[in-house]
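Single-letter residue listing:
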Number of protein chains: 4
Amino acid sequence: MAVGGVLDGFPSGVSINFDFVKSELGRRRGAAEKGSTTRQETDEVEWLSGLLDGVTLGTPIAFALHNIDCRSVDYDMLRSCYRPGHADYTYQARYGVRDFRGGGRASARETAARVVAGALSKQWLMEQRGISVVSSYRLGGSQTGNVGGVVSCTIQGVRAGVGSPVFGKLNALLSAAEMTIPSAIGFEMGAGFESIHMSGKQFADAWEQRSDVATVGTVTNHCGGIQGGISNGMPIEFRVAFHPVTTQPDGMDCLTDKGEIQRVVSGGRHDLCQVPRACVIVEAMAAMVLMDCLL
Amino acid sequence: MAVGGVLDGFPSGVSINFDFVKSELGRRRGAAEKGSTTRQETDEVEWLSGLLDGVTLGTPIAFALHNIDCRSVDYDMLRSCYRPGHADYTYQARYGVRDFRGGGRASARETAARVVAGALSKQWLMEQRGISVVSSYRLGGSQTGNVGGVVSCTIQGVRAGVGSPVFGKLNALLSAAEMTIPSAIGFEMGAGFESIHMSGKQFADAWEQRSDVATVGTVTNHCGGIQGGISNGMPIEFRVAFHPVTTQPDGMDCLTDKGEIQRVVSGGRHDLCQVPRACVIVEAMAAMVLMDCLL
Amino acid sequence: MAVGGVLDGFPSGVSINFDFVKSELGRRRGAAEKGSTTRQETDEVEWLSGLLDGVTLGTPIAFALHNIDCRSVDYDMLRSCYRPGHADYTYQARYGVRDFRGGGRASARETAARVVAGALSKQWLMEQRGISVVSSYRLGGSQTGNVGGVVSCTIQGVRAGVGSPVFGKLNALLSAAEMTIPSAIGFEMGAGFESIHMSGKQFADAWEQRSDVATVGTVTNHCGGIQGGISNGMPIEFRVAFHPVTTQPDGMDCLTDKGEIQRVVSGGRHDLCQVPRACVIVEAMAAMVLMDCLL
Amino acid sequence: MAVGGVLDGFPSGVSINFDFVKSELGRRRGAAEKGSTTRQETDEVEWLSGLLDGVTLGTPIAFALHNIDCRSVDYDMLRSCYRPGHADYTYQARYGVRDFRGGGRASARETAARVVAGALSKQWLMEQRGISVVSSYRLGGSQTGNVGGVVSCTIQGVRAGVGSPVFGKLNALLSAAEMTIPSAIGFEMGAGFESIHMSGKQFADAWEQRSDVATVGTVTNHCGGIQGGISNGMPIEFRVAFHPVTTQPDGMDCLTDKGEIQRVVSGGRHDLCQVPRACVIVEAMAAMVLMDCLL
């Protein structure tokens, strides 16, 4: 089995920067990060369609990444067990069958496909529109084990007028996209949850006087660069909260398909903290949303 | 002009509870709430299609709500002014033209249509699936003017197995729907942003042993009832943060279409705090998302 | 009840030509046509949203047409009867309930909404892109009663390169749109069904030599202006076949909901031949498809 | 490069009949058919996701078919030439770049992916709903070369009530799907274009009296089993017209990208008549549409 995806609607005539794709996949794999797994994943992308001599054809771009080190034996004990904090049970309830091995859709490996698509989007945004998508993270404060964290993302260079009212709001599209990332548990724009403690006068970003409307701006950016669902020309700023990794290397009390609790020590290798690796995924989702809105 | 909407795919044979629709619209209008406007809005719904003798036909249900007190004169000074904290400027940038009167799509009046649709969804969820959607709110702590707040919403009675992996995650759908509400600025599931300070062991909701798998449950509900994008049978719990009302009754420094700052005192009537009224809208959006997933 | 619709995505800043809308509705009503009904339908359009002083705002344009002469008594006998050649039985099977009066969605009255939307699209196509959509008809040859016919439609002014390969083919989109018209029973591009008798050499439209590629053309137009799902710059030509009107003014042997055959003489007024009136609807659907592809 | 696809929404728990997939691909390749090419195509399907031990997981099923005999040298002369009756020119106009080799999206090879998806749909329809999809063909009458033809398709076992009114009509969905097949140039339901010569009384399919409404039927089936966009329980019958193959083995007068006419003899191998091979593709598209409507 493999992970992969299909990009429909990507413009023609773009010369793909394969080194950038590889570099972004490297950020996701986080080889240099402390606490990341030693799992052998290959970052080799097989391009199946949509390219001719490395140039996009305008037709769907299909690609796949194959696992080179898929030790399914690690996962055998999970055949009849539902781990706490995982999607084993909900997949079983949804489909009546599930891929109990590591290659399932709830696997973090799935995010590699997002990073590939995101890399193409980021390249297009920068080259065609001068738009950058960057992020940083901070970890939570637990002293008792692995932790979660928050990824802050900033999109710069978006002109005013991107997004749509009511059900196509740019903030809503960003929220939906980011909340599809495994372990994402919260999303906020600009001042976010803190803004509930502000007065309306404090919150409303004051206009800065300029002679040229084209370069209009605000003194603060509490709204995160989006008003009424549409970009206002200021940097778009949002944060995504990630809960801690739920896999416990020293074993977990699982629910069996007979309704009993059973202790399981999984041999699979898993991250202690996925937040640093999440940055490139957060950026990828934002880049895809923005490119969709601009096309 | 009017607000309204079209519900496509609503099941046939449902006898609409018009009193419940009226009652939900009353919650939104918040006549009894302190700080709400005295604006005369009619809650009379004109049903345009999809019903026969009050029973749904399975075909699209179109409806409209007309304003009875539309004093457009109040808004004339907004023709060439962009208020801070409003969508005047972004609409202008997006479309090159905008409805500067109060009836625009960025108006809170738009949410009346959501409430009508939500009332129909809530009726169906309760009668056909025994699912309830309830919410409560808390306000922020500013002492200097109007404030924002957080609406907590709980959906009870959803069986395990609702939602889809990857891009159709139930939490992502809920997040997108809630973030389309005017003034919504943050969304979180279960333990939300607080969960970043927990260890993985703390966060992972432990299974409760039961003899019957059908009634499986967890001791805590940090994930908010959704795992891997799919409901796990526990209550679905989320929160939506709303920023404070940005309209200042004593005037605002607006940006004119000539790039200058001009003080404007708007005669329109506006809420001091919209959070109490937001509850019924938060519930409406959740109900629609859930009904969509169940159909 | 009313018919109506919502146009989402219509560009902003278009000054609607209401006289043209009225004129197109008049073509549909076909007051001057021999064999058309004397039914009193109003062509008054109520514009519910999306316009300011007759100019489009870029936001959804909702509109409704109300019936002024809805004599529902005519239809009472249809409550438990399924007419031959009508959708009474299939609606009942689909929804378990149906609007047995004349206002149901299978009513030809529904097409008035298509004409309104089509008029806006045609105005935009002509003014913004210089594209015209025209049609003519021929009737079938039956001597024993009302007949069906074929509407031939030509779209001129479409540049090469409009449409998409595989599942977004322009011919497929046109076919789908036209086949949704009540009584449409066949669709063909260019040489259509006749082309099966041609050799490949005859069918393949030969290029005409030109010095300027921009004005490239073909000697014949057997493919109807679309190749591989994409326009080639020649006129787009297709035909839609309509079966005869199935309502018999002197009575019909209906199936009752008890499984018996019962003769019913309906007092409702119906066309003897709808083909002349269908022209404006065929054009409307084509205009909407094309505008969608160009936006 | 490869052809392939992704099936989203296919039910879980289906044990794929790989022999049937292979058999359907064999029908498409038409090895035994007179006039078919000797091109070496492999029918080996690489399943990339969505299966566990040959059983569907409910998650997207991705698959690819690789070419084993891709002699791109044959196509080099097509780099700057647009063949008559082909999509070379329109692809170039649409995207500004195109895959001039045989593997482009306008290649008939693309239909192999449709056949794979159709085979899965047909298996599900038969096993889960007892629905069969069969077809036959007749060729046109040209004596001067290769010819086109008509494929007649019949779907049996569909209960009354499948499909939706107005824009979701089952006949429109079928038409759209079939018209996406390369070389399809016409579509008709039931009596089709011939029905224009009938009177309304002749055309309207008379009910057959039965004691049990559940087995209601009509004496004739001029409407092709669909009324008002919804199935009526009779067999669904439609026909698809295919124009003749436009590739001429003895050379074609092509348009060059300089606007000149140039004779090109293509070394690629192509069918003389694709109609017999089209049957399995027509069935595949119908099966997918029907399965979509039933899920």
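Residues numbered from 1 in each chain as written. Chains lettered and ligands numbered in written order. Predicted model: local features only at pLDDT ≥ 70, side-chain atom pairs only at ≥ 80, totals over all residues. Heavy atoms only, no water.

**Brief notes about the overall build of chain A**
Cut-off, in case you're wondering: We count a stretch as a helix when DSSP gives it H or I for four or more residues in a row; a strand needs E for two or more, and each element gets its number in order from the N terminus. Only protein chains enter the accessibility calculation, which uses a 1.4 Å probe; a residue is then buried when its area is under 20% of its type maximum, exposed when over 50%, and partly exposed in between. Contacts are residue-level and defined by heavy atoms, with any inter-residue pair within 4.5 Å sufficient. Here the accessible surface of atoms and residues is derived via Shrake-Rupley with a 1.4 Å probe, and residues count as covered only by protein chains that are part of the display.
When helices and strands are tallied, chain A shows six helices and 16 strands. Within chain A, the proportion of its 295 residues that are buried is 61%. Within chain A, contacts between residues separated by at least 24 positions form 70% of all contacts whose residues are at least 6 apart in sequence. As displayed, chain A offers around 11100 Å² of accessible surface, 49% of which is attributable to carbon and sulfur atoms.

**Looking at the sheet that holds strand S6 (residues 81–82) of chain C**
Residue and element names in this part refer to chain C. Filter applied, for reference: A pair of strands is considered paired only if DSSP assigns at least 2 bridges between the two.
Spatially, S6-S15-S16 is the arrangement adopted by the three strands of the open sheet, whose pairing is antiparallel. Whereas interior strands pair on both sides, the edge strands pair on one side only; in this sheet they are S6 and strand S16 (261–264). Pairing of strand S15 (residues 252–256) with S16, which is carried by four bridges, proceeds in the antiparallel orientation. Bridge assignment links Leu 255 to a residue of S16, and that residue is Ile 261.

**Quick look at the relation of the copies chain B and chain A**
The criterion, for reference: The least-squares superposition of copies is restricted to C-alpha atoms, and to residues with a pLDDT of at least 70 in both copies.
Between chain B and chain A, which share one sequence, the superposing operator has a rotation angle of 180° and an axial displacement of 0.0 Å; the RMSD is 0.0 Å. Viewed as a symmetry operation, the transformation between the two copies matches a two-fold axis. Interface overlap between copies: 100% of the residues of chain B at the interface are likewise at the interface in chain A, consistent with a symmetric, same-surface contact.

**Some remarks on the relation of the copies chain C and chain D**
Laying chain C over chain D is done by rotating through 180° and shifting 0.0 Å along the axis; what remains is an RMSD of 0.0 Å. Looking at the interface residues of chain C, 100% of them are also at the interface in chain D, so both copies use one shared face.

**Section: the interface of chain C and chain D**
Often the size quoted for an interface is simply the accessible area lost on bringing the parts together. As a reminder, the rule being used: Throughout, the accessible surface (probe 1.4 Å) given up by two parts as they are put together, summed over both, is called the buried area. Between Lys or Arg on one side and Asp or Glu on the other, a salt bridge is scored when a side-chain nitrogen of the former is within 4 Å of a carboxyl oxygen of the latter. In protein, a polar contact requires one atom able to donate a hydrogen and another able to accept it; more generally it is a pair of N or O atoms within 3.5 Å, and residues adjacent in sequence count only if both atoms are side-chain atoms. Any residue outside Ala, Val, Leu, Ile, Met, Phe, Trp, Tyr, Cys, Pro, Asp, Glu, Lys and Arg is labelled polar, Gly included; the first ten of those are nonpolar and the last four are charged.
If you look at the interface, chain C gives 93 residues, while chain D gives 93 residues. Three residues stand out in chain C for area buried against chain D, namely Phe 193, Ile 196 and Trp 207 of chain C, and they jointly supply 11% of the buried area on that side. Summed over the shared surface of chain C and chain D, the number is two salt bridges. For Lys 201 of chain D, the salt bridge identified is with Asp 250 of chain C, shortest N-O distance 3.6 Å. The interface formed by chain C and chain D contains 22 residue pairs in polar contact (both at pLDDT 80 or more). For the side of chain C that touches chain D, the secondary structure elements donating two or more residues are helix H2 (88–95), strand S8 (149–156), helix H4 (170–179), strand S9 (184–189), helix H5 (200–203), strand S13 (230–231), strand S14 (236–242) and S15 of chain C. Its residues placed into classes, the side of chain C that touches chain D shows 41 nonpolar, 35 polar and 17 charged. Direction of pairing for S9 of chain C relative to strand S9 (residues 184–189) of chain D: antiparallel, over a ladder of three bridges. The residue of S9 of chain D that forms the bridge with Gly 186 of chain C is Glu 188 of chain D.

**Overview of the interface of chain B and chain A**
Taken together, the contacts link 93 residues of chain B with 93 residues of chain A. When chain B packs against chain A, the two sides together hide about 6900 Å² of surface, and 64% of this comes from carbon and sulfur. Together, Phe 193, Ile 196 and Trp 207 of chain B form the three largest contributors to the area buried by chain B at its contact with chain A, with a combined 11%. The tally of links from chain B across to chain A stands at 22 residue pairs in polar contact (both at pLDDT 80 or more). The set of elements that each furnish at least two residues to the side of chain B that touches chain A consists of helix H2 (88–95), strand S8 (149–156), helix H4 (170–179), strand S9 (184–189), helix H5 (200–203), strand S13 (230–231), strand S14 (236–242) and strand S15 (252–256) of chain B.

**Let's talk about the pattern of salt bridges**
Following the criterion strictly, the structure yields 44 salt bridges over all chains and no others. Residues joined in a network through salt bridges with shared partners are Glu 24, Arg 27, Lys 122 and Glu 283 of chain A.

**Quick word on the side chain of Gln 274 of chain D**
Residue placement: Gln 274 of chain D occurs in the loop between strand S16 (261–264) and helix H6 (275–294). Excluding residues that lie within four positions of it along the chain, Gln 274 of chain D makes contacts with Ser 183, His 243 and Val 245 of chain D.

**Comments concerning H6 of chain D**
What counts here: Here a helix's expected span is defined as the number of its residues, less one, multiplied by 1.5 Å.
The end-to-end C-alpha distance of H6 of chain D is 29 Å, a good match for the 28 Å that 20 residues give at a rise of 1.5 Å each. The element H6 of chain D is largely enclosed, with a buried count of 18 among its 20 residues.

**Side note on the packing of helix H3 (residues 111–129) of chain D against H6 of chain D**
A packed helix pair is summarised by two numbers, namely the angle formed by the two axes and the spacing between the axes. Residues and elements named next belong to chain D. What counts, and what does not: Note on definitions: angles span 0 to 180 degrees between N-to-C directions of axes, and those axes are lines fitted to C-alpha atoms, for helices only across the stretch in contact. An angle counts as roughly parallel when it lies under 35 degrees, as roughly antiparallel when it exceeds 145, as roughly perpendicular when it falls between 65 and 115, and as oblique in every other case. Note on convention: the crossing is left-handed when the near helix lies turned anticlockwise from the far helix by less than a right angle, right-handed when the turn is clockwise.
Relative to each other, H3 and H6 sit at 55°, their axes nearing to 7 Å. Considered as vectors, H3 and H6 are oriented oblique to each other. When you trace H3 past H6, the crossing you get is left-handed. Between H3, through Thr 111, Arg 114, Val 115, Ala 117, Gly 118, Ser 121, Lys 122, Trp 124, Leu 125 and Arg 129, and H6, the contact on the second element is made entirely by Val 280, Ile 281, Glu 283, Ala 284, Met 285, Ala 287, Met 288, Leu 290, Met 291 and Leu 294.

**Section: the confidence of the model for chain A**
The cut-off we apply is this: The predictor reports its confidence for every residue as pLDDT, a score running from 0 up to 100.
Across chain A, pLDDT averages 88, with 86% of residues at or above 70. In the model output, the complex is listed with pTM 0.93 alongside ipTM 0.94.

**Describing the pairing of strand S5 (residues 61–66) of chain B**
Strand residues, when the strand is regular, have side chains that alternate between the two faces of the sheet. Residue and element names in this part refer to chain B. Of all six residues in S5, five are buried, a share of seventy percent or more. Bridge count for strand S1 (residues 2–7) against S5 is six bridges, and the pairing is antiparallel. Each residue of the ladder has a partner; that of Gly 4, found in S5, is Ala 64.

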